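Okay, here's what each chain looks like letter by letter:
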Amino acid sequence: MVSTFPNPASVDFSRIRLSIRSLQPQLIEWRRRLHQQPELGFQEKLTAEFVSYKLQEWGIEHQTNIAQTGIVATIKGNKLGTEKVLAIRADMDALPIQELNEVPYRSQHDGVMHACGHDGHTAIALGTAYYLQQHRQDFAGIVKIIFQPAEEGPGGAKPMIEAGVLKNPDVDAIIGLHLWNNLPLGKVGVRAGALMAAVESFQCTILGKGGHGAMPHQTVDSIVVAAQIVNALQTIVARNVNPIDSAVVTVGELHAGTKCNVIADIAKMTGTVRYFNPAFDGFFKQRIEQIIAGICQSYGASYDLEYWSLYPPVINDASMAELVRSVAEEVIETPMGVVPECQTMGGEDMSFFLQEVPGCYFFVGAANPDKDLAYPHHHPRFDFDETALAMGVEIFIRCVEKFCA
Ligand SMILES: [Zn+2]
Ligand SMILES: [Zn+2]
């Protein structure tokens, strides 16, 4: 729980347009409906049906079933101006978590919960689509709204790009937001460059030789080998990474042994690696294998290592970050409401879109401890202050009007 927040009640929302403020009851209704029917990655069937139903009701052209459950809506402005194409991305998936909130709109799906706020992202994207369709005279060019599956894994961004969502018409830039309980309501986190980390993971099996706990000389103790490896892996960040860069190597699982007087023949570990600097692509994989191979060799053990590069780092384009920052400052009146101190070692597959076209991913503060809405993301009691929904729509709309001018 974060307790150092300013009181969000002091946040003034008068900068949010009346027409967007009047959308707020619908934004809440859509978000709560989605919250009640959370679906895991690539299974967002009800979610996609609801999104498609709404887009159809509003007469918005869209394609469905992209990368299984994804949707792309296209809205063309009527204003005369440059014909730019801006994409707005929202993720739709939930998590395998049993919700502990006792709210009327709690999850109706056992063991599945919108514990990251993607229900809010989908509602914000719907509200943005609705507003843009009603106000086509206010922007030139084209807006593509991308409803993406499976952000929490295995990742829906890459297959959507492979399915051509950034082509025909070709997208010039992309923006996206995350409702963020690490920031209080009324703050927006936006920065140029690295915002979120690359995500890699590994699984290693140490193969020793089992035996009697009292006769270690007849064995190769996989637990002793694994312990050396866990310690040595920490030296990658401490001794190989430039201290100016940030990186994490975490061993999250270590399983070995069956009994106190039996030497374990096998030890298994899994871990995750995070970093911002794209130059580290491939580096951790190589260094982790060197350490594991070297230690195993010195103890007479062998190993089996699997390594996955999951998401690259989220890197914002400087001019797109400036667009979002300038727009957010118009929306947030609070002094210091827009902050660049918002980097996190969490990952996001928005990074795949940002590798293809310049763009900006940003955080919209959504925590409100006064309403007990400040639990961290992925917590079974996660929830957010829904006032942030209208704020998200307002920022998206102003970005469209400025970019597609
Ligand atoms: Zn998440
Ligand atoms: Zn998320």
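Residues numbered from 1 in each chain as written. Chains lettered and ligands numbered in written order. Predicted model: local features only at pLDDT ≥ 70, side-chain atom pairs only at ≥ 80, totals over all residues.

*Asks:* For the environment of Glu322, give the residues involved together with the corresponding values.
*Replies:* Note on placement: Glu322 falls in helix α8 (residues 318-331). For Glu322, a count of 14 C-beta atoms within 10 Å corresponds to the partly exposed category. Considering only alpha carbons, one finds Glu322 and Ala140, 182 residues apart in sequence, at a separation of 20 Å. (Helix = DSSP H or I, 4+ residues; strand = E, 2+ residues; numbered from the N terminus. Buried ≥ 20, exposed ≤ 12 C-beta atoms within 10 Å, placed from the backbone.)

*Asks:* Please give an account of helix α7 (residues 283-299) that cites residues and values.
*Replies:* The terminal C-alpha atoms of α7 lie 25 Å apart, and with 17 residues this matches the ideal 24 Å at 1.5 Å per residue to within 8%. Taken as a whole, α7 has its buried residues at Phe284, Ile288, Ile292, Ile295 and Cys296. Angular distribution of buried residues about the axis of α7 spans 100 degrees; they occupy a single face of the element. Turned more than 90 degrees off the buried face of α7, the exposed positions are Gln286, Gln290, Gln297 and Ser298. Along its buried surface, α7 packs onto β8 (198-207), α6 (222-240), β10 (247-256), β12 (266-275) and β13 (302-311). In the stretch just after α7, Gly300 is the one whose phi turns positive, near 80 degrees. (Expected span 1.5 Å × (residues − 1). Arc of directions from axis to C-beta. Contact = placed C-beta atoms within 7 Å.)

*Asks:* Which residues make up the pairing of strand β16 (residues 359-367), and what values go with them?
*Replies:* Extensive coverage of β16 is indicated by the burial of nine of its nine residues. Of the two faces of β16, the one carrying Gly359, Tyr361, Phe363, Gly365 and Ala367 and the one carrying Cys360, Phe362, Val364 and Ala366 are both buried. Inspection of the sheet shows strand β5 (residues 173-184) paired to β16 by eight bridges, in the parallel sense. Paired with Trp180 across the strands is Gly365, a residue of β16. Pairing of strand β6 (residues 188-189) with β16 involves two bridges; the strand directions are antiparallel. Across the sheet, the residue bridging to Gly189 is Phe363, located in β16. (Pairing = 2+ DSSP bridges.)

*Asks:* Got a sec to walk through the sheet that holds β5? Specific residues and values, please.
*Replies:* In space, the eight strands of this open sheet follow the order β1-β2-β4-β3-β5-β16-β6-β15, with mixed pairing throughout. Edge positions in the sheet fall to β1 (61-66) and β15 (338-339), since each of these pairs with one other strand and no more. By the bridge criterion, four bridges tie strand β3 (residues 85-91) to β5 in an arrangement that is parallel. For Leu86, the partnering residue across the bridge sits in β5 and is Ala173.

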